[in-house]
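Inside the fold
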Amino acid sequence: MTSHVTFIGAGNMASAIFGGMIESGYPREAITATARSGERLETLEQQYGLNTTTDNQAAIAQADVVLLAVKPQVMREVCAELRDAVQARKPLILSVAAGLDAATLEDWLGGDLALIRCMPNTPSLVGAGASGLFANDRVDETQRELATRLLEAVGLVEWVEDEALLEAVTAISGSGPAYFFLVFEAMIEAGQQLGLSEESARRLALQTGYGAACMARKSDLTPAELKRNVMSPGGTTEQAIESLEQAGLRQAFSEAMTACARRAREMAKELSQKD
Ligand SMILES: NC(=O)C1=CN([C@@H]2O[C@H](COP(=O)(O)OP(=O)(O)OC[C@H]3O[C@@H](n4cnc5c(N)ncnc54)[C@H](OP(=O)(O)O)[C@@H]3O)[C@@H](O)[C@H]2O)C=CC1
Ligand SMILES: O=C(O)[C@@H]1CCC=N1
């Protein structure tokens, strides 16, 4: 039987996941989404044909899975609102909120709940997501399989057994799409400085990023080996890579990802201490 999934929050991340689920054949009538704004929900209802409501409690009356997809800063308030309905039904809880740890969320929802923390990313919308998942002790094998099935409908799933590793997942794949979008922005700008039209530079840069990712996924060679294969000795790529290394690209990524993981930890502290 198809599990009914209710999304609390219907913004960028939730719509990437339910959009991807529907795209991959998940029955739209088994999905409900909530938000504060009725206008946003009307648009989503027209676009995806799923059930929508601004009433969070009513939305989980039939839910087998409740997927929490509001901003971390409003999560406590939303959990307080859901607490009684969740305790009455005991659905599997999935949270995609950055930073908020499983024990805090479980506590805010009244305790004794099977809860999975998930760090997805927005390419889920096109079936190319990457999600890291962590389950608390109350999650059984069937529930793990259900979460895997839901998230695999929108991309790759990687389980971690140490919750702290979700900070690393956030740094690499949760926030990661933004790093690549920045690289595309920079390449398009540089392509234009070299004389290409914005449209040509964009088409070439995006196809190159897509091609490199497809090739690296299929190949038995490491990214370092694939990079060397593009670099003819004394040729053009050597100049470009040397310039990027000298500009400190490697160190910049290390610092950016460390800052990202640190922010996830800080958010957890700030939010769980809030009265
Ligand atoms: N964006 C990303 O790439 C990623 C985000 N995440 C996590 O996903 C979560 C959501 O982020 P994102 O989708 O970007 O945020 P958005 O701001 O796009 O979406 C938030 C959604 O929550 C809704 N909302 C706010 N308050 C309530 C409420 N009281 N009841 C019901 N719905 C409510 C908003 O509705 P309305 O618009 O009507 O106010 C909106 O639909 C965050 O916790 C974030 O950490 C995780 C991985 C990646
Ligand atoms: O920036 C954020 O906080 C969220 C979590 C990971 C991606 N976006």
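Computed from a predicted model, the values in this text were never measured in an experiment.

Focus: the domain arrangement of the protein
- Taken domain by domain, the protein comprises domain 1 (5-166) and domain 2 (176-262).
- Taking only C-alpha atoms into account, the centre of domain 1 sits 33 Å from that of domain 2.

Description of the nonpolar core
- Leu 68 and Ile 116 are the most contacted members of the largest nonpolar core, which totals 62 residues.
- For this core, the element with the most residues is helix α1 (residues 12-23), which contributes six residues.
- Setting aside its immediate chain neighbours within four residues, Leu 68 contacts Ile 8, Gly 9, Met 75, Ile 93, Leu 94, Ser 95, Val 96 and Ala 97.

Things to note about the site of ligand 1
- Around ligand 1, the surrounding shell holds 27 residues, and the nearest of these are Gly 9, Gly 11, Ala 35, Ser 37 and Ala 97.
- If you list the elements that add at least two residues to the shell around ligand 1, you get α1 and α4 (72-89).
- Here the residues of the shell around ligand 1 sort into 15 nonpolar, nine polar and three charged.

Section: the UniProt feature "domain: Pyrroline-5-carboxylate reductase dimerisation" (unreviewed entry) in the protein
- Here, the residues flagged by UniProt with the feature "domain: Pyrroline-5-carboxylate reductase dimerisation" (unreviewed entry) are residues 163-267.
- When the span residues 163-267 is considered, its composition is 83% helix and 0% strand, and the gap between its end C-alpha atoms is 15 Å.

Section: the sheet that holds strand β5 (residues 92-95)
- Here we have eight strands laid out as an open sheet, ordered β3-β2-β1-β4-β5-β6-β7-β8, and mixed in their pairing. Because the sheet does not close on itself, it has two edges, and the strands there are β3 (51-53) and β8 (155-159). If you compare each strand with its neighbour and ignore which way they point, the axes differ by 25° on average.
- Relative to β3, strand β2 (residues 31-34) runs parallel, the two sharing three bridges. Across the sheet, the residue bridging to Thr 34 is Thr 53, located in β3.
- Contacts between α1 and the sheet are confined to β1 (5-8), β2 and β7 (129-135), with β2 contributing the most and set at about 165° to the helix.

Brief notes about the UniProt feature "binding site: NADP(+)" (unreviewed entry) in the protein
- According to UniProt, the positions carrying the feature "binding site: NADP(+)" (unreviewed entry) are Ile 8, Gly 9, Ala 10, Gly 11, Asn 12, Met 13, Ala 69, Val 70, Lys 71 and Pro 72. In summary, the annotated positions, though distributed over 65 residues, converge in three dimensions, the widest C-alpha pair being only 13.9 Å.
- By secondary structure assignment, the location of Ile 8 is in strand β1.
- By the C-beta count within 10 Å, which is 25 here, Ile 8 ends up buried.
- Once residues lying within four places of it in the same chain are set aside, the contact partners of Ile 8 are Thr 34, Asn 56, Val 66, Leu 68, Ala 69, Val 70, Val 78 and Leu 82.
- Residue placement: Ala 69 occurs in the loop between β4 (65-68) and α4.
- The residues contacting Ala 69, other than those within four sequence positions of it, are Phe 7, Ile 8, Gly 9, Gly 11, Met 13, Ala 14 and Val 96.

Details of the packing of helix α8 (residues 176-193) against helix α9 (residues 198-218)
- Running from N to C, α8 and α9 cross one another at 140°; their axes reach a closest spacing of 9 Å. Relative to α9, the element α8 is oriented oblique. Like other packed secondary-structure pairs, α8 and α9 cross with a definite hand, here right-handed. Within the contact between the two elements, α8 uses Phe 180, Phe 184, Met 187, Ile 188, Gly 191 and Gln 192 and α9 uses Glu 198, Ala 201, Arg 202, Leu 204, Ala 205, Leu 206 and Gly 209.

Calculation criteria
- Residues numbered from 1 in each chain as written.
- Chains lettered and ligands numbered in written order.
- Predicted model: local features only at pLDDT ≥ 70, side-chain atom pairs only at ≥ 80, totals over all residues.
- Domains from an automatic or database assignment.
- Core = buried A, V, L, I, M, F, W, Y, C linked by C-beta atoms within 7 Å.
- Buried ≥ 20, exposed ≤ 12 C-beta atoms within 10 Å, placed from the backbone.
- Helix = DSSP H or I, 4+ residues; strand = E, 2+ residues; numbered from the N terminus.
- Contact = placed C-beta atoms within 7 Å.
- Near = placed C-beta within 6 Å.
- Nonpolar A, V, L, I, M, F, W, Y, C, P; charged D, E, K, R; others polar.
- UniProt positions renumbered as here; feature names shortened; annotations may be inferred.
- Pairing = 2+ DSSP bridges.
- Axes fitted to C-alpha atoms, helices over the stretch in contact; angles between N-to-C directions.
- Parallel < 35°, antiparallel > 145°, perpendicular 65-115°, else oblique.
- Left-handed = near helix turned anticlockwise from the far one by under 90°.

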